[in-house]
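# A look at the structure
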Amino acid sequence: MSEQIPPIAVSTHKDVRVVEFTNNKILDEANIDGIRKTLEALIDEGERPKLLLDFATVDHLSSAALGMLINTNNRVKSRNGQLRLANIKPQIFEVFEITKLNKLFKILSSRTEALASFN
Amino acid sequence: MQQASLKFTIPSDLAASREVQQQIMDAVHRAGFSENATFAIKLSLEEALVNAIKHGNKLDPKKHVHIQAKVNSRQAEIVIEDEGPGFDRKCVPDPTADENLTKCSGRGLLLMEAYMTSVEYSNQGRKVRMIRKND
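Since the structure is predicted, the reported quantities are computational estimates derived from the model, not experimental observations.

## Quick word on the overall build of chain B
Summing up its helical and strand segments, chain B has three helices and five strands in all. For chain B, the succession of helices and strands along the chain, N to C, is β-α-α-β-β-α-β-β. Its C-alpha radius of gyration of 15 Å places chain B within 12% of the 14 Å reference for a compact globule of 135 residues. Taken along its principal axes, the extent of the C-alpha atoms in chain B is 45 × 35 × 25 Å. The 135 residues of chain B split such that 34% are buried. Within chain B, contacts between residues at least 6 apart in sequence are counted, and of these 66% link residues at least 24 apart.

Shown next, in the form of structure tokens:
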């Protein structure tokens, strides 16, 4: 089976790794697994990782994607790091509200606000 | 009123479910569903198929998933049945409880029930019937 390139783009802003999703759907398990592995590698780069996930392009996500985000959050916490989510569209934010995951994640409305929120 | 009736039997393979999802969502688009209803059906269909393939049939290549969809401009009705051991809805933990919030799985049923107009389980949990009315 050929390896798929995870549909994300990574950039750096000061000491924060910024991850953008480049596909409007985070549904497919193969893609989700690829994203999870890439995020794990970013988190493991150093101590106290700072990670910002930008959801500006995301129109659909599944419970498997939520699982991947929780895995990311758990891993960041285990390394004493910080995770922020930003730019989540109202329809997608509703999924976080229904699952009450808006209580678990630090969600900011814009990338600028999210970048400013890191300690 | 025009109605699309679709019927599929697929192996326990997530890749095989993609074509089913595509055909059902094409019928939903053709029937003129609202953006919110389309979002709800797409999400719930994904969750129900993953449940049947992964949790029901446990990816067993000898087992199949049976899918029926009836779509008209008023509502979409989707029935999905697996060949697994079944499950009891009452025994599935509440994923929104504080102690379960950091668990990585167990949110599919919650999302289906939140987004669809009705969700019924039968045949000891092997069969789910979901209806979403158009807005």
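## Concerning the nonpolar core
Counting residues in each nonpolar core, the largest one holds 58 residues, and the members touching the most others are Ala65 of chain A together with Val28, Ala48 and Ile80 of chain B. Per-element accounting of this core gives the leading share, nine residues, to helix 2 (residues 35–56) of chain B. Ala48 of chain B has contacts with Ile80, Met112, Val128 and Met130 of chain B, leaving out every residue within four places of it along the chain.

## Description of the sheet that holds strand 5 (residues 127–133) of chain B
Residue and element names in this part refer to chain B. The strand order across the open sheet formed by five strands is 1-2-3-5-4, and the pairing between neighbours is antiparallel. At either margin of the open sheet sits one strand with a lone partner, and together these are strand 1 (4–11) and strand 4 (118–122). Ignoring strand direction, the axes of neighbouring strands in this sheet form an average angle of 10 degrees. Across eight bridges, strand 1 lies against strand 2 (residues 64–71) in antiparallel orientation. Residue Ala4 lies in a different strand from strand 2, and its bridge partner there is Val71. Its contacts with the sheet put helix 1 (residues 14–30) on strand 1, strand 2 and strand 3 (75–81), and the angle it makes with strand 1 is roughly 170 degrees. Packed on one face of the sheet, helix 2 meets strand 2, strand 3 and strand 5 and runs near 175 degrees to strand 5.

## A few points about the confidence of the model for chain B
Averaged over all residues, the pLDDT of chain B equals 97, while 100% of them reach at least 70. The ipTM assigned to the predicted complex is 0.94, against a pTM of 0.94.

## Let's talk about the sheet that holds strand 1 (residues 8–13) of chain A
Residues and elements named next belong to chain A. With mixed pairing, the five strands of this open sheet are ordered in space as 1-2-4-6-7. The open sheet terminates on both sides in strands that have one partner only, identified here as strand 1 and strand 7 (107–108). Where strand 2 (residues 16–21) meets strand 4 (residues 50–54), four bridges bridge the pair, whose relative direction is parallel. The partner of Arg17 across the bridge, within strand 4, is Leu51.

## Quick notes on the packing of helix 2 of chain B against helix 3 (residues 108–115) of chain B
All names here are of chain B. Viewed as axis vectors pointing N to C, helix 2 and helix 3 meet at an angle of 145 degrees, and their least axial separation amounts to 9 Å. Note on packing geometry: the crossing formed by helix 2 with helix 3 is left-handed. From helix 2, Ala40, Leu43, Ser44, Glu47, Ala48, Val50 and Asn51 reach across to helix 3, where they touch Gly108, Leu111, Met112 and Tyr115. Of the residues that constitute the contact of helix 2 with helix 3, the class distribution is seven nonpolar, three polar and one charged.

Reading guide: rules and limits
- Residues numbered from 1 in each chain as written.
- Chains lettered and ligands numbered in written order.
- Predicted model: local features only at pLDDT ≥ 70, side-chain atom pairs only at ≥ 80, totals over all residues.
- Helix = DSSP H or I, 4+ residues; strand = E, 2+ residues; numbered from the N terminus.
- Rg over C-alpha atoms; globule rule 2.2 N^0.38 Å.
- Buried ≥ 20, exposed ≤ 12 C-beta atoms within 10 Å, placed from the backbone.
- Contact = placed C-beta atoms within 7 Å.
- Core = buried A, V, L, I, M, F, W, Y, C linked by C-beta atoms within 7 Å.
- Pairing = 2+ DSSP bridges.
- Axes fitted to C-alpha atoms, helices over the stretch in contact; angles between N-to-C directions.
- pLDDT = per-residue confidence, 0-100.
- Left-handed = near helix turned anticlockwise from the far one by under 90°.
- Nonpolar A, V, L, I, M, F, W, Y, C, P; charged D, E, K, R; others polar.

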